[in-house]
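Results of the structural survey
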Amino acid sequence: MQLMTYSDVMFLLLIKFPLIAVCVGLPIPGGVFISSFLMGAGCGRLYGEFLRTVFGPSIVPGLYAVVGAASLAGGVTRALSCSVLIFEVTGQISHMMPILVAVLLSVTVANSFNQSLYDTLIVMKVRKQDNKRFPEP
């Protein structure tokens, strides 16, 4: 029995993505970590379902959802500890290699493009405080 279909996962991603962008932009704590887990799990599940239709029922889409969640959270937060958190939450040490490789790759690729989300928020906050102390004429 399949609990979520392609359209359900696509609907979740299409609705949740703009809501997450709004939450991150608000000046209140919005939970970036769990939101990135959800988006990564949705994208990974879609990819796993696609591979299942191409290669047959031997593919487990849930594994792709877990790997996607860990890699997107690692890419957003730049924290390698996302893989350890996934191991503790799922209790599946057998999925260690795909999760570790995905998190390492996502952190490396994300670091090559820009700063961490948290570093960017700190810089924005410091600039805002500097503008209050030294207003432009």
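For the structure itself, look to the data block above.
Right, let's walk through the structure included here.

**Observations concerning the environment of valine 60**
Examined against the element boundaries, valine 60 turns out to sit in the loop between α2 (32–55) and α3 (61–77). In this structure valine 60 comes out as exposed when scored by relative accessible area, which is 51%.

**Observations concerning the nonpolar core**
Phe37, Val67, Ala69, Ala70, Ala73, Cys82, Ile86, Phe87, Ile99, Ala102, Val103 and Val107 form the largest nonpolar core, which has 12 residues in total. Where this core is concerned, the elements lending two or more residues are α3, α4 (81–90) and α5 (96–113). Dropping the residues within four chain positions of it, valine 103 is found in contact with Ala70, Ser71, Ala79, Leu80 and Ser83. Within the second largest apolar cluster, 5 residues are counted, among which are Val9, Leu13, Met39 and Leu46.

**A word on the packing of aromatic side chains**
Here the structure, examined in full by the defined rule, presents 2 aromatic pairs. Note on phenylalanine 33 and phenylalanine 37: the rings are 5.0 Å apart at their centroids and 40° apart in plane angle, and the pair reads as tilted. You can see phenylalanine 33 and its partner phenylalanine 37 sitting in helix α2, 4 residues apart, about one turn around the helix. Residue classification places phenylalanine 33 among the partly exposed positions, given a relative accessible area of 25%. Arranged with centres 5.7 Å apart and planes meeting at 75°, the rings of tyrosine 47 and tyrosine 64 form a pair that is edge-to-face. With a gap of 17 residues between them, tyrosine 47 in helix α2 and tyrosine 64 in helix α3 connect regions that are remote in the sequence.

Scoring rules and cut-offs
Each chain has its residues counted from 1, following the order in which its sequence is written. A pLDDT threshold of at least 70 governs which residues receive local features in this predicted model, and a stricter bar of 80 or more applies before side-chain atom pairs are shown or counted, although totals over entire chains, interfaces and linings include all residues. The basis for the side-chain values is all heavy atoms of the structure; hydrogens and waters are excluded. Per the convention used, a helix needs a DSSP run of H or I reaching at least four residues, while a strand needs a run of E reaching at least two, with both numbered from the N terminus. The buried label applies to any residue whose accessible area, calculated with a 1.4 Å probe on protein chains only, is under 20% of its type's maximum; exposed applies above 50%, and partly exposed to all values in between. Residue types Ala, Val, Leu, Ile, Met, Phe, Trp, Tyr and Cys, when buried and joined through side-chain atoms within 4.5 Å, form a set referred to as a nonpolar core. Should any heavy atoms of two residues lie within 4.5 Å, those residues are counted as being in contact. Each Phe, Tyr or Trp ring, with Trp reduced to its six-membered ring, pairs with another whose centre is within 6.5 Å; inter-plane angles below 30 degrees give stacked pairs, above 60 give edge-to-face pairs, and intermediate values give tilted ones.

That is the geometry; function is a separate question.
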